[in-house]
Structures are given as C-alpha cells and as structure tokens.
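One-letter residues, chain by chain:
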Amino acid sequence: MERLASADTPTPAQGSMSDEVRTPVAALPPKLSVRGLNFYYGARQVLFDINVTIREERITALIGPSGCGKSTFLRALNRMFETMSHTRVEGEVRLDGEDIFSMNVVRLRRRVGMVFQKSNPFSKSIFDNVAYGPRVNGLARRSNLQGLVEQSLRRAALWDEVKDQLHKSAYSLSGGQQQRLCIARALAVNPEVLLLDEPCSALDPIATAKIEELLFRLKESCTVVIVTHNMQQAARISDETGFFLMGKLIEFSPTQALFKNPARKETEDYITGRFG
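With that out of the way, let us pick up helix α7 (residues 205-218). In this model α7 runs 20 Å from its N-terminal to its C-terminal C-alpha over 14 residues, within 8% of the 20 Å that 1.5 Å per residue would give. All buried positions along α7 are accounted for by Ala207, Thr208, Ile211, Glu212, Leu214, Leu215, Phe216 and Leu218. With a side-chain oxygen positioned 3.0 Å from the backbone nitrogen of Ile206, the residue opening α7 is Asp204.

Structure below.
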C-alpha cells in the first residue's frame, strides 16, 4: 500500500543529527528490556502488555497524543510511580538483565535518572543543586565535589554560563538554564539511563536547540529516553521511536522508518495529523 505524504509530516532534515552513520541496532546490547508490562491506577488499567527493548548508545523518543500512557511508561522505568498511592504494575522490566522491581529503589534511581516537564531546581545555589545527589548518596568527598559539579555542568552545556555565579540562587537562571541545571543535577550521580518527560515543552526555540544538542552528545555515555509531543523534535534527535495510543505501544522502530514508512495505519494517521 502506498503511504500518504503530508507537507507537515516530520522527517529528519538533510545533514541532521539523525543522518549520522550508526552501529546497527541489533549489534548494540539491550539496556532496558520490557516484557508484558501492565500498569493500573486503582482499578483502571492504563498500560497494556508493553514489550520493547531499549538499547545502549541510542536516543529513544516516545510519541503519542495526550493521555496515551507514554509518561506513565517512562515513570515505570525507574519506579517513580511508587510515589503515588493505589498504583500497581505487572510484568517485567530489566536493566542490564536485572529485575528493577526487586532492586533497591535508591540504587535504581541512581542508575536511572529523571528530568521532568517543568524545571524544578531546589531552592539552593546552583552549586548545591548539582552537589545534592552526590552528597546524599555518599558519592563525593568534599575535596572532589568542586570537580564533580564542574564536570556535571559541562556535560549539561551550562558551565560557561554559570561558572562565575555558582553560589547564586538557581532561581536566578532563565527557564532554559534551569532545565539544563536539572539535567546537570541528574547527571551528577552518573546515571546509566536518563529519562526526560517533555523537557522542552515550556522553552523557546533557542533553549530547545541547546537541550537537543546536549542530549545528542549525552548518548555516547548515557542511554536517553525522551517523551515528547513535538514530532519534529523526535525526528531530529532520536534513533528509535515508539508510538503510544490508548495505553498500547502501537509501533516501535528506527525513527526514519517510522516517520517515512510507518508499519501501522494508526501511526500514519497520527504523524500525518489526522488526529492527536
């Protein structure tokens, strides 16, 4: 069947980050393996039999209309749902082969960090925001804390902008800088996986571009999973994309294949703007 084209259908631009030469996906080891995942808020089921493998050295984007389950799925990957009452999960999520539901939750969240839609810096200095995680986890001595903070801010592409104001309040930063500070705070404990839930939704195009470039660099050392409503963003930065609809993972494939030649009609209808 010939696929319908649309002027609004996002495709990776010529020479974009998605056009680089990559290691074949099958050659990369799985970082997260999800099998038969079901999720419930009380009696209401919101995720249905999710099966997916997220591999190392990749940016994975999750797209779909509001309320489709993608953010709930993201929170399941580091058990963030446990902060809410009356939730229940079934199935299996493995991190490097280890069952996350039998893992110490503090250890899990140190390995799998998360950045939320709204930047949420602590009411502390820029320095203390980044130093917080290493301090509470006992990962840094006072003698090397300065170096760790600098390294994390550099990884978040923020160091040059704040190096002379580390002891100012984090609230003195712009919205885009605050979001990068939250990324630096997550990176300070050196996570293996970074989950991001709509991190650019409240940012202007310049701040969004900085975070996208940052994520593209981070995948060399950290597996990245991002929920986004912005299909152009998913097409620009991700290697693989999953499309969620009504709590089900409808399609998961390399990003270019999903946008240019989707295998499922529901996916095609969504990316061509028929609904969503």
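From this point, the narrative continues.
Of note, Gly133 is situated in helix α3 (residues 126-136). In sequence terms Gly133 and Asn190 are 57 residues apart; their C-alpha atoms lie 9.8 Å from each other.

With the rule as written, the count across this model stands at 22 salt bridges. Residue Lys31 pairs with Glu192 through a salt bridge whose shortest N-O separation is 2.8 Å. Placement of the pair is Lys31 in strand β1 (residues 30-41) and Glu192 in the loop between α6 (175-187) and β7 (193-197), with a sequence separation of 161 residues. Glu192 gets classed as partly exposed once you look at its relative accessible area, which sits at 26%. The residue Lys210 makes a salt bridge to Glu161 at a minimum N-O spacing of 3.8 Å. In this pair, Lys210 is assigned in helix α7 and Glu161 in helix α5 (residues 159-162), connecting sequence segments 49 residues apart. Of the residues examined, Lys210 reaches a relative accessible area of 38% and is grouped as partly exposed. On the accessibility criterion, Glu161 (29% relative accessible area) is partly exposed. Through salt bridges with shared partners, a single network forms among Lys31, Glu56, Asp96, Glu98, Arg107, Arg111 and Glu192.

Here the structure, examined in full by the defined rule, presents five aromatic pairs. Judged by centre distance (4.9 Å) and plane angle (70 degrees), the rings of Phe122 and Tyr132 are edge-to-face. Here Tyr132 lies in helix α3 and Phe122 lies in the loop between β6 (112-115) and α3, a separation of 10 residues in the sequence. Classification of Phe122 as partly exposed rests on a relative accessible area of 28%. For the ring pair Phe243 and Tyr270, a centre distance of 5.1 Å and an interplane angle of 25 degrees mean the geometry is stacked. On the criterion of sequence distance, the pair formed by Phe243 in strand β9 (residues 240-245) and Tyr270 in helix α10 (residues 265-271) is long-range, its members being 27 residues apart. Each member of the pair, Phe243 as well as Tyr270, is classed as buried. Among the aromatic side chains, those forming a connected cluster through ring pairs are Phe39, Tyr41 and Phe81. Here the basic side chain of Arg88 rests over the ring of Tyr40, its NZ or CZ set 4.0 Å away from the ring centre. Note that Arg185 overlies the ring of Phe122, its terminal NZ or CZ placed 4.0 Å from the centroid.

Moving on to the packing of α3 against α6. Relative orientation of the contacting elements α3 and α6 amounts to 30 degrees, with a least axis distance of 7 Å. The two elements α3 and α6 meet at a crossing, and its hand is right-handed. Across from Ile126, Asn129 and Val130 in α3, the residues of α6 making contact are Leu181, Ala184 and Arg185. Its residues assigned to classes, the contact of α3 with α6 shows four nonpolar, one polar and one charged.

Next up on the list: the confidence of the model for the protein chain. Per-residue confidence for the protein chain gives a mean pLDDT of 89, with 88% of residues at or over 70. Contacts of residues 1-8 to residues separated by more than four positions or lying in other chains number nine contacts, the stretch itself having pLDDT below 50. In this model residues 11-23 is a low-confidence stretch, pLDDT under 50, and it forms 29 contacts with partners more than four residues away in sequence or in other chains.

A few words now on the sheet that holds strand β5 (residues 98-99). Hydrogen bonds between backbone atoms are what pair the strands of a sheet, whose relative direction is either parallel or antiparallel. Reading across the sheet, the four strands line up as β2-β1-β4-β5 and stay open at both edges, with antiparallel pairing between neighbours. The sheet is open, and its two borders are formed by β2 (44-55) and β5, each paired with just one other strand. Here strand β4 (residues 87-95) pairs with β5 via two bridges, running antiparallel. The residue bridging Leu95 from the neighbouring strand is Glu98, located in β5.

The strand order across the open sheet built from six strands is β6-β7-β8-β3-β9-β10, with neighbouring strands paired in mixed fashion. Of all the strands in the sheet, just β6 and β10 (248-254) have a single pairing partner and so form its edges. Strand-to-strand, the axes of this sheet are offset by a mean angle of 15 degrees, without reference to chain direction. Here strand β3 (residues 59-63) pairs with β9 via four bridges, running parallel. Within the sheet, the bridge partner assigned to Thr60 lies in β9 and is Glu240. On the sheet, α6 packs against β6 and β7 and is oriented at approximately 170 degrees with respect to β6. Contacts from α7 reach β3, β7 and β8 (223-227) within the one sheet, and its direction differs from that of β8 by about 145 degrees.

Conventions and cut-offs
- Residues numbered from 1 in each chain as written.
- Predicted model: local features only at pLDDT ≥ 70, side-chain atom pairs only at ≥ 80, totals over all residues.
- Heavy atoms only, no water.
- Helix = DSSP H or I, 4+ residues; strand = E, 2+ residues; numbered from the N terminus.
- Expected span 1.5 Å × (residues − 1).
- Buried < 20%, exposed > 50% of the residue type's maximum accessible area, 1.4 Å probe, protein only.
- Polar contact = N/O pair within 3.5 Å; in protein donor to acceptor, adjacent residues only side chain to side chain.
- Salt bridge = Lys/Arg side-chain N within 4 Å of Asp/Glu carboxyl O.
- Phe/Tyr/Trp six-rings, centres within 6.5 Å; stacked < 30°, edge-to-face > 60°.
- Lys NZ or Arg CZ within 6 Å of the ring centre and 35° of its normal.
- Axes fitted to C-alpha atoms, helices over the stretch in contact; angles between N-to-C directions.
- Left-handed = near helix turned anticlockwise from the far one by under 90°.
- Contact = heavy atoms within 4.5 Å.
- Nonpolar A, V, L, I, M, F, W, Y, C, P; charged D, E, K, R; others polar.
- pLDDT = per-residue confidence, 0-100.
- Pairing = 2+ DSSP bridges.

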